[in-house]
Amino acid sequence: MSSSKSESVGVIPGRDGTPVPPDIALFRRERELALLEAAVERAWSGRGSLIVCTGPAGSGRSKLLSVAAERAEQAGMRVLSATGRSAERDLDFGAALQLFEAEVSRADAEERERLLSGAAALAAPLLTRGPRGQSSIEPTSSILHGLYHLCAHLGQGGPLALAVDDAHCLDAATLRLLVFLSHRLDDLPFLLLLSTGAGASSPELDSLVYHPRATQVRLGPLSKKDTEAWLSATTFADADDEFYAACYDSTLGNRQFLSVLARELSTQPVLYIDHDARHVTSAAPMEIAVAVRLRLAELDPRALGLAEAVAILGDGAEMRHVAAMMGAPPDQVARVGEQLVSEGLLRGVDRVAFEQPIVRRALYAAVSPSTRAEMHLTAARALHEDGGSEAAIAGHLASSRRTGSDWVVDVLERAAATALERGRPEAAVSYLQRALAEPPAAERRDALAVRLGRAEAMTGAPEALGRMRASGKLLKGGAERARSNLWTGRVLMTQGRYRAAADSFRSGLAEPKVDEPLRTLLSVSCWTMARLGYSERLDDPTEDRLPENASTPAGRLELAYAALDAALAGRPAQESRAMALQALGAGALVKEDSDGVGPHLAALALSLSGDLQWAEAVLTAVIELSRERGASSDAALAHAVRAAAILRRGRLTDVLADLQAARSTHPGAWREASFPTQAILPIVLLEQGRLERADAQIVRWSRSADPTAGIPYLTFLMTRGRLRRLQGRPDEALADFLDCGHRAGELEIFNPAAFPWRSQSALAMLQIGKRGQASALAESELTLARASGAPDTVGQALHVLGTVEEGAEGLRLLEESVQMLETSQAVLVRARALIDFGAALRKTSKQRLAREPLKRGLDLAQRCHAGALVQRGREELALAGARPRRIALNGADSLTARERQVAALARRGHSNREIAEVLVVTLKTVEWHLRQVYRKLEIGSRGELPDDLAEPGTLPR
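Conventions and cut-offs
- The residue numbers shown here count from 1 along each chain, following its written sequence.
- Under the rules for a predicted model, residues below a pLDDT of 70 receive no local features and side-chain atom pairs below 80 are neither given nor counted, while totals for whole chains, interfaces and linings still include all residues.
- The basis for every side-chain value is the complete set of non-hydrogen atoms in the structure, without hydrogens or water.
- Helical segments are the DSSP runs of H or I of at least four residues, strand segments are the runs of E of at least two, and each set is numbered from the N terminus.
- Only protein chains enter the accessibility calculation, which uses a 1.4 Å probe. A residue is then buried if its area is under 20% of the maximum for its type, exposed if over 50%, and partly exposed in between.
- We call two residues in contact when some of their heavy atoms are within 4.5 Å.
- Accessibility throughout is a Shrake-Rupley quantity obtained with a 1.4 Å probe, and a residue counts as covered only by protein chains that appear here.
- Strands are treated as partners if at least two bridges between them are detected by DSSP.
- Every axis in this analysis is a line fitted to C-alpha atoms, fitted for helices over the stretch in contact. Angles between the N-to-C directions lie between 0 and 180 degrees.
- Exposure above 30% relative accessible area and the lack of any salt bridge qualify a residue for a patch; like charges then connect within 9 Å, and the nonpolar side chains Val, Leu, Ile, Met, Phe, Trp and Tyr within 5 Å.
- Here, a salt bridge means any Lys or Arg side-chain nitrogen found within 4 Å of an Asp or Glu carboxyl oxygen.
- In this analysis a 1.4 Å probe is tested at points of a 1 Å grid over the protein atoms alone, and where it fits but cannot get out there is a cavity; an open set with protein on both sides within 12 Å along at least five of seven lines is a pocket; lining residues have an atom within 4 Å of a point.
- Grid points are joined across faces, edges and corners, and a volume is the space filled by probe spheres set on the points.
- Note on residue classes: Ala, Val, Leu, Ile, Met, Phe, Trp, Tyr, Cys and Pro are nonpolar, Asp, Glu, Lys and Arg are charged, and everything else, Gly too, is polar.
- Note on terminology: angles under 35 degrees are roughly parallel, angles over 145 are roughly antiparallel, angles of 65 to 115 are roughly perpendicular, and the others are oblique.
- Each crossing gets its hand from how the near helix is turned against the far one by less than a right angle, where anticlockwise is left-handed and clockwise is right-handed.
- Throughout this description, a polar contact denotes any pair of N or O atoms lying within 3.5 Å of each other; where both atoms belong to protein, one of them has to be capable of donating a hydrogen while the other can accept it, and for residues adjacent in sequence the pair is counted only when both atoms sit in side chains.
- For the purposes of this section, nonpolar cores are sets of buried Ala, Val, Leu, Ile, Met, Phe, Trp, Tyr and Cys residues that join through side-chain atoms within 4.5 Å.
- Centre distance within 6.5 Å is the pairing criterion for rings of Phe, Tyr and Trp, where only the six-membered ring of Trp is used; planes under 30 degrees apart are then read as stacked, over 60 as edge-to-face, and the remainder as tilted.

Colleague: I'd like a rundown of the overall build of the chain, residues and numbers included.
Modeller: On a plain count of helices and strands, the chain comes out with 47 helices and eight strands. Expressed as a percentage of its 957 residues, the buried residues of the chain come to 55%. Sequence separation of at least 24 residues holds for 67% of the intrachain contacts in the chain that already meet a minimum separation of 6. Accessible surface, the chain as shown: approximately 39,800 Å² in total, 51% of it carbon and sulfur.

Colleague: Please provide a residue-by-residue account of the sheet that holds strand β7 (residues 346–347), values included.
Modeller: In spatial order, the strands read β6-β8-β7; together these three strands make up an open sheet with antiparallel pairing. Strands with a single pairing partner mark the edges of an open sheet, and in this sheet they are β6 (317–318) and β7. Of the pairings in the sheet, the one linking β6 to strand β8 (residues 351–354) comprises two bridges and is antiparallel in character. Residue pairing for β8: E318 is matched across the bridge by R351.

Colleague: Provide a residue-level description of the sheet that holds strand β3 (residues 160–165), including the pertinent values.
Modeller: Spatially, β2-β3-β4-β1-β5 is the arrangement adopted by the five strands of the open sheet, whose pairing is parallel. Edge positions in the sheet fall to β2 (78–83) and β5 (214–218), since each of these pairs with one other strand and no more. With strand direction ignored, the average angle separating the axes of adjacent strands in the sheet is 15 degrees. In this sheet, strand β4 (residues 191–197) lies alongside strand β1 (residues 49–55) in parallel orientation, the contact comprising seven bridges. Counted as the bridge partner of G55 is G197 from β4. Helix-sheet contacts for helix α2 (residues 61–74) involve β1, β2, β3, β4 and β5, and the interaxial angle to β4 is about 170 degrees.

Colleague: Explain a nonpolar patch on the surface to me, using residue names and the numbers behind them.
Modeller: A contiguous nonpolar surface patch, about 290 Å² in accessible area, is contributed by M286, V290 and L294. Taking the relative accessible area as the measure of exposure, V290 reaches 42% and is therefore partly exposed.

Colleague: Give a detailed account of the pairing of β8, specifying residues and quantitative values.
Modeller: As paired elements, β7 and β8 share two bridges and run antiparallel to each other. If you follow L346 over to β8, its bridge partner there is F354. Linking two consecutive strands that pair antiparallel, namely β7 and β8, is a turn of three residues; a positive phi of about 105 degrees is found at G348 within it.

Colleague: Please give an account of the environment of L175 that cites residues and values.
Modeller: Within the element layout of this structure, L175 appears in helix α7 (residues 172–182). Given the relative accessible area of 6%, L175 is considered buried. In the structure, L175 is positioned 27 residues away from S202 in sequence and 9.8 Å away in space, judged by C-alpha atoms. Residue contacts for L175: discarding those within four places in its chain leaves A167, L170, S202, E204, L205 and L208.

Colleague: Tell me what's going on with the pattern of salt bridges, and back it up with residues and numbers.
Modeller: Throughout the structure, instances matching the rule amount to 45 salt bridges. Residue R295 is joined to E343 by a salt bridge in which the shortest nitrogen-to-oxygen separation is 3.9 Å. In this pair, R295 is assigned in helix α13 (residues 286–297) and E343 in the loop between α16 (330–342) and β7, connecting sequence segments 48 residues apart. With a shortest N-O distance of 3.0 Å, R743 and D739 are connected by a salt bridge. In this pair, R743 and D739 both sit in helix α37 (residues 730–746), four residues apart, roughly one turn of the helix. Each of R720, R724, R729, E732 and D736 takes part in salt bridges that share partners, so that together they form one network.

Colleague: Which residues make up empty space enclosed by the protein, and what values do they have?
Modeller: This model, assessed by the stated rule, comprises six cavities of 30 Å³ or more. Lining the largest cavity are eleven residues, with R454, M458, R490, V491 and D634 sitting closest to its centre. When contributions to the lining of the largest cavity are tallied by element, the ones reaching two or more residues are α22 (442–459), α24 (478–494) and α32 (632–649). Across the lining of the largest cavity, the residue classes tally to four nonpolar, two polar and five charged.

Colleague: Run through the environment of F100, naming residues and quoting values.
Modeller: Relative to the helices and strands, F100 is located in helix α3 (residues 94–106). Along the backbone, F100 and A82 are 18 residues apart, and their C-alpha atoms lie at a distance of 9.3 Å. Apart from residues lying up to four places away in sequence, F100 is in contact with L80, L127, L147, L150, C151, L154, L162 and L177.

Colleague: Mind laying out the packing of helix α36 (residues 711–726) against α37, listing which residues take part and the relevant values?
Modeller: Where α36 contacts α37, the two axes come as close as 8 Å, and the packing angle between them is 160 degrees. Here α37 runs roughly antiparallel to α36, going by the angle between their axes. By crossing handedness, the relation of α36 to α37 is classed as left-handed. Packed against α36, whose contacting residues are Y713, L714, L717, M718, R720, G721, R722, R724 and R725, the element α37 presents P730, E732, A733, D736, F737, D739, C740, R743 and A744 at the interface. Classifying every residue of the contact of α36 with α37 gives nine nonpolar, one polar and eight charged.

Colleague: Could you give me a rundown of unusual backbone geometry, with the residues and numbers involved?
Modeller: The omega torsion of the bond from E438 to P439 falls at -5 degrees, within 30 degrees of zero and hence cis. Among the secondary structure elements, P439 is positioned in the loop between α21 (425–437) and α22. The backbone of E748 shows a phi angle near 60 degrees, a positive value even though the residue is not glycine. Structurally, the position occupied by E748 is in the loop between α37 and α38 (757–768). Residue E748 is classed as partly exposed on the basis of its relative accessible area of 41%.

Colleague: Describe in detail the side chain of D658, supporting the description with residues and values.
Modeller: Counting through the fold element by element, D658 comes out in helix α33 (residues 652–665). Among the polar contacts listed, one links the side chain of D658 to the side chain of R642, at a separation of 2.8 Å. For D658, the residues in contact, after removing those within four places along its chain, are H639, R642, A643 and I646.

Colleague: Any chance you could break down the nonpolar core for me, citing the residues and the numbers?
Modeller: One finds F505, V655 and I680 to be the most contacted residues of the largest nonpolar core, which totals 136 residues. If you tally residues by element for this core, the top one is helix α27 (residues 553–569), at ten residues. The residues touching V655, leaving out its near neighbours within four places in the chain, are A643, I646, L647, I680 and V684. Of all hydrophobic cores here, the second largest spans 53 residues; its members include L258, A277, A317 and I358.

Colleague: Give me the lowdown on the packing of aromatic side chains, citing residues and values where you can.
Modeller: The final tally for this structure, using the stated rule, is six aromatic pairs. The interplanar angle of 40 degrees and the centroid separation of 5.3 Å between the aromatic rings of F236 and F243 together place this pair among those described as tilted. Across this residue pair, the class does not change: F236 and F243 are buried. Look at Y713 and F716: their rings are 5.6 Å apart centre to centre, the planes differ by 35 degrees, and that puts the pair in the tilted class.

None of this, on its own, says anything about what the molecule does.
Quick look at the structure:
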């Protein structure tokens, strides 16, 4: 059958050209094809048949009708075809002429005389004069009778098939003819094949669709499962469930649109490597826009304008707003909307949306940029006049043309503030950028630029800091400048530029007319930077007193600082821990100051006090809230600080995952040279026994290490000193440790949990042979540790002193260290103490007693993935006469706690994004963990994951 409106099939070859996937129009159409085959057989048996294929545009009805006509022709039937066209609706018998005129005109004189003989001659005026306007040949019973007899003559050599596509677009006269013929199916063995749009209706069409003898073939979209099956037969065989689901959600299984989408996506080379669902949800094929525009052109002249208005307004557009945009009466617009609903393009009545999201995207993209900007402005004004939501109005203004209107700036500024409150900084950036482009009045420009910089900083935009600094200097009014300095300082902190952050906080504190809440935020920020050695000390009221009211936001913030100050000074751990927990206020501090220093101060105080679990919990809450707020920079900082807390617990692979999450969450701030990476990564490498890589990291760190930079430089000295000691360079190591101790004293940092320089110096001195001096330093550290009272700090000090001391006293101290660390959360410290205690027992010929602590220590070291300690533990256990358990480099036993969590959630059917949300990590972190799991378990996909993976109590539900 020839047709000017054949359905788009879109067959896509595989990567190597074969095999060719199934025709999408006929995919899973076995039942429908069987019905058509049966109708052809009935016609040959002398019984007429009426087949009506009903479905929306894109359902493949034209293709199915074409296949039916081909099957009839292959069976020896004469097939006549026609297609309904909207442009020919006013021409009486226009489609009838498509059916019969060619057959008559091709016949020779003798055959033509036979065809038009008898009663068929009544149709001769139509076939010889052609179609006319409505005033010419009327569809009288004589014409209909003549055409019926013409059919009889055409079918004398065998059954006749009439295939009429798009019957809902036929002229009324042809429809009457088809109705006339349908009532005479018993008289002639002919096959009447029709296709019509779903929802189309007229008296004549209804009498055909619902004819008693009609066989209904209702064509719907592909199911979600069938959509995946068809895509799997194309170039997307290795895509994931999210990709398939996105394709279905975009097209709702519409065969034509799905075929076009697949063709569009197959032109993007990146998809051969990464079938990302985001490519699907952003696709807006022009081919779909063109096809839909052609369909709309066949309807009411206002149909295209209505569809474009809905595309601009978005899903859920109200018809009165559509009418306002079109400048047309609402009742007329509603009638046009009903047509689009019946065509399967829109759904809804008062509130409408496109049936398939991809149609809206395609039509939206097809509107020219200038027209689109004008339409968005019109939409914004229509919503404003109707009292629409400010967020919706701002959304349109963000894409509208500039008018220099104060109203536009006002709306966008308010919407940006709301967006920030609701955790949508990307939207706030869009609104503020558009507000500045309007442009605003000169006196408002700088304040808007500072707010834009703050929003950009939350998203990690590199230009944020420069914008905030430049605009902040131009602000008028002390309070505005002070707040700008606070925001700028926080951005500098997330980038690891602590000295510049301290200067910004100090500048803000010096501004006049600053209210008390803002002054508190600036003051505590200044105290913190000074306490950690990034600037000179200021007057610090917490040195003499605690806040009068710790139940207020300001009081909680001051108390969090006091807790850290106490922890660094080495005051009793229970005291600083109690202050930190009180400052947190059952989570109030995190909610009030998630983008500030408060929660970090409390977490660091908890960590130095030995409560590593609470510290990790606080930082996890900060990460979660930062993600809710869309503040990627704050989440990155919290990931890095949490990595330090997890490091003290000994979970080395989880430390690396947090560092990776910090960098991937906010890559602009967490470069390879950032302080958290510099400080933490070398320590992990040392624990893993990878000294060469640790050395390379520290050499790189030394190029930017600033001796005046307080805590960072102390951390550098401790890490480099430890590396040198392990490298057998004790003199250089000792110099670093003693330098660290001197600088820590100047900063009044006496807690060995922060910088255990005395014990590390003692171990270096022991290598040199200065046991007496080593013992004195180790005893000094133990005294300070006992004053603090944190089990991990005391246990570690006992461990070093036991290592330095000889004989029975050393063994006693090592045993006391092990006992003390049993209550500690510092697992890696406990593992090292157990192995050293076991080694000391072995050296005193107590091999049997040595085996138990050695086995326990080795097991803990393996769980921490501390390669250097694992190797030493295995060697000691072998010397003690035991056979060490094989290191689990592969298999379930080799999985870390976090890898078990990720794998167990994946096994339960959670997507990578869902796992990231549950565990409060980034998508890339989840993917990294899964790759490790697959490697260790020697599997290829999540479908091969075993059922029992998670350890009891480790998996969040």
